[in-house]
Amino acid sequence: MWSPPAGLKQLRLWPGASPDMPAGAQPAEVMFQVNKVPGFHYTGISEVTVPTMTVFSPVDRRTDAAIVVFPGGGFRLLAIDLEGTEICDWITSQGITCVLLKYRVPKSNHYWDREQKRHITPAVPFALQDAQRAIKLVRANAARFNVDPSKIGVLGMSAGAYLVAQTSTISEAAYRPVDAADSQSSVPDFAIALYPGHLCRSGGVLDPSLKLTENTPPTFLLAAWDDPVNKICNTTVYANALANAGARAEVHVFAQGKHAFGLRHQELPIAAWPSLVETWLNAIDVLATPSTMRRDEK
């Protein structure tokens, strides 16, 4: 089983069994190496039936914001380091608390079935349930985590970016309440979606389950035009929907970068994405610390 970095511990999302899981024994979680492209090897985990979140606290300067991170993996696995722990290390370097979500996989949301050679949307979206629950738990425990409950954002890559879109646009809970934490909102205050997938459906239209309004959280979108896995339509169709709804958004599309680059494409212009996100976070006042905020903003 995957273990977080030394000194950190995983917190279970649910007080009992995860909701809507089938009866009977569940498979054991597995961890493995994915060695596809030199320099982009990563640790994958799958057969996750007990979802958890791990809180990474800033070491030096501190803001009062938090970001919940959703790793990608096509809802088959989780790229837990490339799109998880490595991202949290960068987030905490910005003074932001990072909450890494280990959500249920596989087949826990809209996914590509290799045997049937088609996309399937499961009746119960386990991954969305876990994402909504994690946001609610962070809000409910804001004092414990030293964060402002009105400055809870999300960041996801690939399939994780689809969870960013879902949590941003679906306010209804995907599960029955289990405790007091579920009285909190699961809609993030800001959203960062990097090389998203699952958004662009047949005919080049947006997933119809996503309902955008002018109140959809401020959103940062970024992708590579040459992404062979998640075609650029996923980014452009969501960007257009944000614009048509009157929501606040910033969109960056780079010529090169392909897919699943995380923080590792140092030789390409797309490697500048962390500084672009930092500038955007400053613009929407996420990086303002309590001591530097203007009195009328408190």
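Counting of residues starts from 1 at the beginning of each chain's written sequence and follows it residue by residue. Thresholds applied to this predicted model are a pLDDT of at least 70 for local features of residues and 80 or more for the giving and counting of side-chain atom pairs; totals over whole chains, interfaces and linings are not thresholded and use all residues. With hydrogens and water stripped out, all remaining heavy atoms of the structure feed into the side-chain values.

Student: Lay out the sheet that holds strand 6 (residues 78-79) in plain terms, naming residues and giving numbers.
Tutor: Spatial ordering of the open sheet is given by 2-3-6, a layout of three strands whose pairing is antiparallel. The sheet is open, and its two edges are formed by strand 2 (30-34) and strand 6, each paired on a single side. At least two DSSP bridges between two strands are needed for those strands to be called paired. Every helix listed is a DSSP run of H or I at least four residues long, and every strand listed is a run of E at least two residues long, numbered separately from the N terminus. Here two bridges tie strand 3 (residues 42-46) to strand 6, and the two strands are oriented antiparallel to one another. Residue I45 lies in a different strand from strand 6, and its bridge partner there is L78.

Student: Residue-level account of the pairing of strand 14 (residues 219-224), with values.
Tutor: Along strand 14, six of the six residues are buried, which leaves the element largely enclosed by surrounding structure. Residue alternation in strand 14 divides its side chains into two sets, T219, L221 and A223 and F220, L222 and A224, and both sets are buried. In the sheet, strand 11 (residues 190-194) pairs with strand 14 via four bridges, with the strands oriented parallel. Bridge assignment links I192 to a residue of strand 14, and that residue is F220. Two elements, strand 14 and strand 15 (residues 249-254), share six bridges in a ladder whose sense is parallel. Note on strand 15: the bridge partner recorded for A223 is V253. Only protein chains enter the accessibility calculation, which uses a 1.4 Å probe; a residue is then buried when its area is under 20% of its type maximum, exposed when over 50%, and partly exposed in between.

Student: I'd like a rundown of the state of the cysteines, residues and numbers included.
Tutor: Our working definition of a disulfide is a cysteine sulfur pair at a distance within 2.5 Å. Tallied over the full model, the rule gives two disulfides. In this model, C88 is linked to C98 through a disulfide, with the two sulfur atoms separated by 2.0 Å. Looking along the S-S bond of the C88-C98 disulfide, the torsion reads about -55°, which is the left-handed sense. Taken together, the residues C88 in helix 1 (residues 81-93) and C98 in strand 7 (residues 97-102) connect sequence positions 10 residues apart. Neither C88 nor C98 differs from the other in exposure class; each is buried. Residue C200 pairs covalently with C233 via a disulfide, S to S 1.8 Å. Around the S-S axis, the bridge from C200 to C233 shows a dihedral of about 65° and counts as right-handed.

Student: How would you summarise the packing of helix 2 (residues 126-140) against helix 4 (residues 159-169) if you had to cite specific residues and measurements?
Tutor: How two helices sit against one another is set out by the angle between their axes and by the gap between those axes. Only the stretch in contact is used when a helix axis is fitted, and all axes are lines through C-alpha atoms; the angle between N-to-C directions ranges over 0 to 180 degrees. Between helix 2 and helix 4, whose axes approach to 10 Å, the crossing angle comes to 65°. Once helix 2 is placed against helix 4, the crossing between them reads as right-handed. Where helix 2 approaches helix 4, its residues A127, L128, A131, Q132 and I135 are matched on the opposing element by L163, Q166 and T167. In terms of residue class, the contact of helix 2 with helix 4 is built from five nonpolar, three polar and no charged. Take the far helix as the reference: if the near one is turned anticlockwise from it by less than a right angle, the crossing is left-handed, and if turned clockwise, right-handed. Here a residue-residue contact requires only that any non-hydrogen atoms of the pair lie within 4.5 Å. Throughout, the ten residues Ala, Val, Leu, Ile, Met, Phe, Trp, Tyr, Cys and Pro are labelled nonpolar, Asp, Glu, Lys and Arg are labelled charged, and all others, Gly among them, are labelled polar.

Student: Residues and numbers for the side chain of R104, please.
Tutor: Tracing the backbone shows R104 in the loop between strand 7 and strand 8 (111-113). What makes R104 buried here is its relative accessible area of 1%. Definition of a polar contact: a pair of N or O atoms within 3.5 Å, with one able to donate and the other able to accept a hydrogen when the atoms are protein atoms, and with sequence-neighbouring residues admitted only if both atoms are side-chain atoms. Polar contacts involving the side chain of R104 include one to the side chain of Q129, which spans 2.9 Å. A distance of 2.8 Å separates polar atoms of two side chains, one belonging to R104 and the other to D130. Setting aside its immediate chain neighbours within four residues, R104 contacts W14, S18, P19, M21, V48, T49, P51, F126, A127, Q129 and D130.

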